[in-house]
Protein chains: 2
Amino acid sequence: MTRIYLNDTHDPKLQSWVHGANEADNGFPIQNLPFAVARRRDNQEDFRVMVAIGPYALDLGLLACDTPWKGKAAEALAACVKPALNALMALGQDHWSALRVALSHDLRQGSSAESRLRPMLIERTKLEYALPAQIGDYTDFYISVHHATAIGKQFRPDAPLLPNYKWVPIGYHGRASSIGVSGQQFPRPLGQTRPSEGQEAPNFGPCERLDFELEMGILIGTGNEAGRRIPIGEANEHVFGLCIFNDWSARDLQAWEYQPLGPFLAKNFASTISPWVVTLEALAPFRRPFSRPESDPQPLPYLQDQANKDSGVLDVELEVYLSTEQSRQQKKDPALLSRSNFKEAYWTVAQLVAHHSVNGCNLQTGDLLGTGTLSGPAKGQEGSLLEMNQGGKNPIDLPWGEQRKFLEDQDEIILKAQCRQEGYPTLSFGECAGRVLPAVL
Amino acid sequence: MTRIYLNDTHDPKLQSWVHGANEADNGFPIQNLPFAVARRRDNQEDFRVMVAIGPYALDLGLLACDTPWKGKAAEALAACVKPALNALMALGQDHWSALRVALSHDLRQGSSAESRLRPMLIERTKLEYALPAQIGDYTDFYISVHHATAIGKQFRPDAPLLPNYKWVPIGYHGRASSIGVSGQQFPRPLGQTRPSEGQEAPNFGPCERLDFELEMGILIGTGNEAGRRIPIGEANEHVFGLCIFNDWSARDLQAWEYQPLGPFLAKNFASTISPWVVTLEALAPFRRPFSRPESDPQPLPYLQDQANKDSGVLDVELEVYLSTEQSRQQKKDPALLSRSNFKEAYWTVAQLVAHHSVNGCNLQTGDLLGTGTLSGPAKGQEGSLLEMNQGGKNPIDLPWGEQRKFLEDQDEIILKAQCRQEGYPTLSFGECAGRVLPAVL
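Residues numbered from 1 in each chain as written. Chains lettered and ligands numbered in written order. Predicted model: local features only at pLDDT ≥ 70, side-chain atom pairs only at ≥ 80, totals over all residues. Heavy atoms only, no water.

(A) Seen up close, the interface of chain A and chain B. Contacts between the two partners involve 56 residues from chain A and, on the opposite side, 56 residues from chain B. When the two sides are added together, the surface that chain A and chain B hide from each other amounts to roughly 5400 Å², 61% of it contributed by carbon and sulfur. Linking chain A with chain B are 4 salt bridges, by the criterion used here. For Asp367(B), the salt bridge is made with Arg175(A), and the minimal N-O distance between the two is 2.6 Å. Residue assignment for the side of chain A that touches chain B shows that the elements contributing at least two residues are strand E6 (138–141), strand E7 (171–174), strand E10 (190–193), helix H7 (251–257) and helix H9 (349–357) of chain A. Tallying contributions element by element places E7(A) first for the side of chain A that touches chain B, with 4 residues. Here the residues of the side of chain A that touches chain B are counted per class, giving 31 nonpolar, 18 polar and 7 charged. (Contact = heavy atoms within 4.5 Å. Buried area = accessible area lost by both parts, 1.4 Å probe. Salt bridge = Lys/Arg side-chain N within 4 Å of Asp/Glu carboxyl O. Helix = DSSP H or I, 4+ residues; strand = E, 2+ residues; numbered from the N terminus. Nonpolar A, V, L, I, M, F, W, Y, C, P; charged D, E, K, R; others polar.)

(B) Structural context of the UniProt feature "domain: Fumarylacetoacetase-like C-terminal" (unreviewed entry) in chain A. Within this numbering scheme, the UniProt entry marks residues 144–417 of chain A as carrying the feature "domain: Fumarylacetoacetase-like C-terminal" (unreviewed entry). The span residues 144–417 of chain A is 13% helix and 27% strand, and its two end C-alpha atoms sit 17 Å from each other. (UniProt positions renumbered as here; feature names shortened; annotations may be inferred.)

(C) Representation of the packing of helix H2 (residues 71–78) of chain B against helix H4 (residues 93–107) of chain B in the model. All names here are of chain B. Orientation of H2 relative to H4, taken along the N-to-C sense of each, is 95 degrees, at an axis distance of 8 Å. One finds that H2 runs roughly perpendicular with respect to H4. Residues Lys 72, Ala 73, Glu 75, Ala 76 and Leu 77 of H2 touch H4, and the partners they reach there are Asp 94, His 95, Ala 98, Leu 99 and Ala 102. For the contact of H2 with H4, a count of residues per class yields 6 nonpolar, 1 polar and 3 charged. (Axes fitted to C-alpha atoms, helices over the stretch in contact; angles between N-to-C directions. Parallel < 35°, antiparallel > 145°, perpendicular 65-115°, else oblique.)

(D) Spatial organisation of the pattern of salt bridges. All names here are of chain A. Following the criterion strictly, the structure yields 44 salt bridges over all chains and no others. As a salt-bridge pair, Asp 106 and Arg 116 come within 3.9 Å of each other at their nearest N and O atoms. Within this pair, whereas Asp 106 is found in helix H4 (residues 93–107), its partner Arg 116 is found in helix H5 (residues 114–117), the two being separated by 10 residues in sequence. Taking the relative accessible area as the measure of exposure, Arg 116 reaches 29% and is therefore partly exposed. A salt bridge links Glu 402 to Arg 404; the shortest N-O distance between them is 3.4 Å. Assigned by exposure class, Glu 402 and Arg 404 land together as buried. Within the structure, one salt-bridge network assembled from shared partners comprises Asp 211, Glu 213, Asp 247, Arg 251 and Lys 267. (Buried < 20%, exposed > 50% of the residue type's maximum accessible area, 1.4 Å probe, protein only.)

(E) Region of interest: the environment of Ala226(A). Residues and elements named next belong to chain A. Following the sequence through the fold, Ala 226 ends up in the loop between strand E13 (214–220) and strand E14 (239–246). Separated by 135 residues in the primary sequence, Ala 226 and Cys 361 place their C-alpha atoms 5.8 Å from one another. With sequence-adjacent residues up to four places away left out, Ala 226 is seen in contact with Gly 360 and Asn 362.

(F) Just the sheet that holds strand E26 (residues 424–437) of chain B, in detail. All names here are of chain B. An order of E9-E26-E25-E20-E21 is seen for the 5 strands of this open sheet, with the pairing classed as mixed. Whereas interior strands pair on both sides, the edge strands pair on one side only; in this sheet they are strand E9 (184–187) and strand E21 (335–341). Averaged over neighbouring strand pairs, the angle between their axes works out to 20 degrees when direction is ignored. Note: E9 against E26, 4 bridges, orientation parallel. Note that in E26 the partner of Gln 184 across the bridge is Gly 434. (Pairing = 2+ DSSP bridges.)

(G) Local environment of the sheet that holds strand E3 (residues 56–59) of chain A. Residues and elements named next belong to chain A. Strands sit in the order E4-E3-E2-E1-E5 across an open sheet of 5 strands; the sheet is antiparallel. Of all strands in the sheet, those bounded by a partner on one side alone are strand E4 (121–123) and strand E5 (127–129). Across the sheet, the axes of successive neighbouring strands diverge by a mean angle of 50 degrees, strand direction being ignored. Alignment of strand E2 (residues 48–53) against E3, held across 4 bridges, turns out to be antiparallel. Across the sheet, residue Val 51 finds its bridge partner in E3, namely Leu 58.

(H) Looking closely at the pairing of strand E26 (residues 424–437) of chain A. All names here are of chain A. With respect to burial, E26 is a largely interior element, 11 of its 14 residues being buried. Where strand E25 (residues 412–421) meets E26, 8 bridges bridge the pair, whose relative direction is antiparallel. Following the sheet pairing, Gln 418 is matched in E26 by Ser 428. Between E25 and the antiparallel strand that follows it, E26, lie 2 residues; Gly 423 among them carries a positive phi value of about 80 degrees.

(I) Local environment of the UniProt feature "binding site: substrate" (unreviewed entry) in chain A. When the UniProt feature table is mapped onto this chain numbering, "binding site: substrate" (unreviewed entry) sits at Tyr142(A), Arg156(A), Gln254(A), Tyr258(A) and Thr373(A). By the secondary structure assignment, Gln254(A) is in helix H7. Among the residues examined, Gln254(A) registers a relative accessible area of 15% and is labelled buried. Among all residues touching Gln254(A), those that are not within four sequence positions of it are Ser249(A), Pro263(A), Ala266(A) and Lys267(A). Among the secondary structure elements, Tyr258(A) is positioned in the loop between H7 and strand E16 (271–273). Residues within four places of Tyr258(A) in sequence aside, it is in contact with Pro263(A) and Pro260(B).

(J) Examining the state of the cysteines more closely. Overall, the coordinates contain 0 disulfides over all chains when judged by the stated rule. In this model Cys80(A) remains outside any disulfide bridge; the closest cysteine sulfur is found in Cys65(A), 11 Å from its own. Of the residues examined, Cys80(A) reaches a relative accessible area of 0% and is grouped as buried. Free cysteine: Cys361(B), not disulfide-bonded; nearest cysteine sulfur from Cys207(A) at 15 Å. (Disulfide = S-S within 2.5 Å.)

(K) Structural detail: unusual backbone geometry. Note the cis peptide between Gln259(A) and Pro260(A), where omega equals 0 degrees. Here the phi dihedral of Leu33(A) falls at roughly 55 degrees; this positive angle occurs in a residue that is not glycine. The backbone of Gln390(B) sits at a positive phi, close to 50 degrees, despite the residue not being glycine. Mapping Gln390(B) onto the fold places it in the loop between helix H10 (385–388) and strand E23 (396–397).

(L) Focus on the relation of the copies chain A and chain B. Once chain A has been moved 0.0 Å along the axis and rotated by 180 degrees, it coincides with chain B to within an RMSD of 0.0 Å. Both copies of the chain, as the preceding transformation shows, are related through a two-fold rotation axis. Using C-alpha coordinates, one finds that chain A approaches the rotation axis most closely at Gly262(A), a distance of 2.2 Å. Most of the interface of chain A is mirrored in chain B: 100% of its interface residues are interface residues there too. (Least-squares fit on C-alpha atoms with pLDDT ≥ 70 in both.)

(M) Structural context of the packing of aromatic side chains. With the rule as written, the count across this model stands at 26 aromatic pairs over all chains. Seen from their ring centres, Tyr129(B) and Trp276(B) are 5.7 Å apart, and the 75 degrees between their planes marks the pair as edge-to-face. Of this pair, Tyr129(B) sits in strand E5 (residues 127–129) while Trp276(B) sits in the loop between strand E16 (271–273) and strand E17 (278–279), and the two are 147 residues apart along the sequence. Its relative accessible area of 3% is what places Trp276(B) among the buried residues. Geometrically, the ring pair formed by Tyr142(B) and Tyr165(B) is edge-to-face, given 6.0 Å between the ring centres and 75 degrees between the ring planes. Of this pair, Tyr142(B) sits in the loop between strand E6 (138–141) and helix H6 (145–155) while Tyr165(B) sits in the loop between H6 and strand E7 (171–174), and the two are 23 residues apart along the sequence. Residue class for Tyr142(B) comes out buried when judged on its relative accessible area of 14%. Grouping aromatic residues by their ring pairs yields a cluster made of Tyr142(A), Tyr165(A), Tyr346(A) and Trp347(A). (Phe/Tyr/Trp six-rings, centres within 6.5 Å; stacked < 30°, edge-to-face > 60°.)

Have a look at this one:
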């Protein structure tokens, strides 16, 4: 397990020769090195894997044509010519780690590789992105006890949490085909909603309670054979990295359709993922101890991560911003709606992987696990509008004078994530933006 | 819409030059022509597309090397060299139809193609099968009102059906990675189950209420652009064909985990699909009128299939057989547990496709829609053990002296399906078999 912990790529004093990469809080210092699948916006070349450094991306597809390395780093680099991270992710953690070490060395101040690599840098503003991975199966969890409690209160004020919540990392299957990369735009979904008072027939039309969900996405690097579970002590080794994820939700469709088998059309019209995937290895300095309130049950043995008890939790700050047609016309900055943190989650990444496979279900390279809405415990930390507006009751005031209960056409939600701590450069996940278009009738 | 209806390939008098293909009730007459992905069991060649005729399969991968046809039939045949039906399915209905016509002509008694095609026939008993398609997303529906009522009664004797059932074709997302082809074997899943009386902590261990679900699978041929729904009048054109499907279920895991987001680990350890896909075109003679009881609401307009009102329903007979370690040792035939029919379903194939996409969700080539358990209204027509044993109360007597409430290790479930009517050759779907292995602890 030491491999995902600190090594010399995490040295906070490391600096890069890339212009702008050492600026405070630029988010993409040499300690980060997240991966995306991209190409220049101004031509139609094939998408390939790139790594972010400062305001640039290093084109690994180009670097692979003239590979300077040997062994696992070279093998990993060769997988970067593909238009998805799957080939790289399938190689496993030793390869991911070797690639990170090689990139870290070549991008360091004083590296002899500078002159060779410099022409392969592209300003990130000139890129367009593809989905980071070909996603086979997408599972969405429900791991914020604060979100589950807030939503549960709207239905069952006296007993908001169901009896299974503190034992089972609740999850369900989602739709992979409609996941799009940041910048995704989608029409407001149509669907059935509850019958109006006194009516028997349900209503049908454009969703009137359209919401976002602030989540993180976990990309599975290497899977397991069907029928053979992943022990929790090995779970982190199967995870390539994390990104930001917005699981758009049609609350009125959901309320009518979800019994007894769970959400379906309320969720599967669109989900948005950030292009940049921060590796689990890069996140090592931001691990925190896992603990439960004294009054809560300890996890069952298959969910007890003894080896990583002091490092199971990831400290990732999350933010939600909203811009509207009016705010953009008036050149206003997007409004900050909420700030939360992944560390507030009730279950860890390793617990999700161990639980998902405990019945023999085979995870595969490129599978995406959504965390579920990552709300914090306090006001101002809600991960969805349904929580901010208390079930649609209280509109939110926006700084430019508008109000919102739910999303209106042309509204854009921008999710951001970053890791910050004293004495370490800030690591950014970039952003995950998506916009609602009018319904197609 | 006429294209999926009767043409000369459906002439009940057609006979084939292939030995055994004209025998009564052989199931694979020239009117059927289902597709599978297969290879000879005795060598390790690449899998490719084959079509069944009598006791043989015609190797279309081989035929494509020396294509005798032109135009759409030749283009469709060229797609048959691939190890999945996706390339063929993506071409669309005009191509599927052209391939069917060309095959029907060349396989007819008196065809000059006989000498060329004869060496490309393989006995089906010598084949091993792959999954018929690379399945992107798998959705499971719940379209038997008899199943929903029987299960609902076990929880809510006074109001077994939820208020949405007769308005919404209830569905949820399933797991694609663990779908295997007939012959699949899987270990009994482990998982959490409800706490015992007086305990707070749930139990953990091998599933004790393992069940099958008798379903049909619908393979999507051509999809829709994200954000653009498929109108019900066009829905059938997007469907390539149907197969048999067993959605294995761990009832004790399900009862504990499913609130509030639906089944997850109770379903995703394994699902089994039959290798042979019968095209929607082949099923044209077995279409029946769609009707609702007078007392039931009519579907909302987006689910009203006016053009196919007299032909929306498919008449497919379904059977469930069980063999056990003891029955196989004693050389007993598998026991018939149940007989049902797809025509008893509450929603049609076209309604499922229209509903799934009405919110803009993009269906894609190779997506699988399960119908949900296809129970009939009467005793002896149950599509799951949970219905046969009345919620685990009453064991079933097997002809060789054993009893079953739920499945035991080494039990094998064999699902069969066929279309039969006076004056038309019987069309078989082959079988869908799967076996439970002991838990891996």
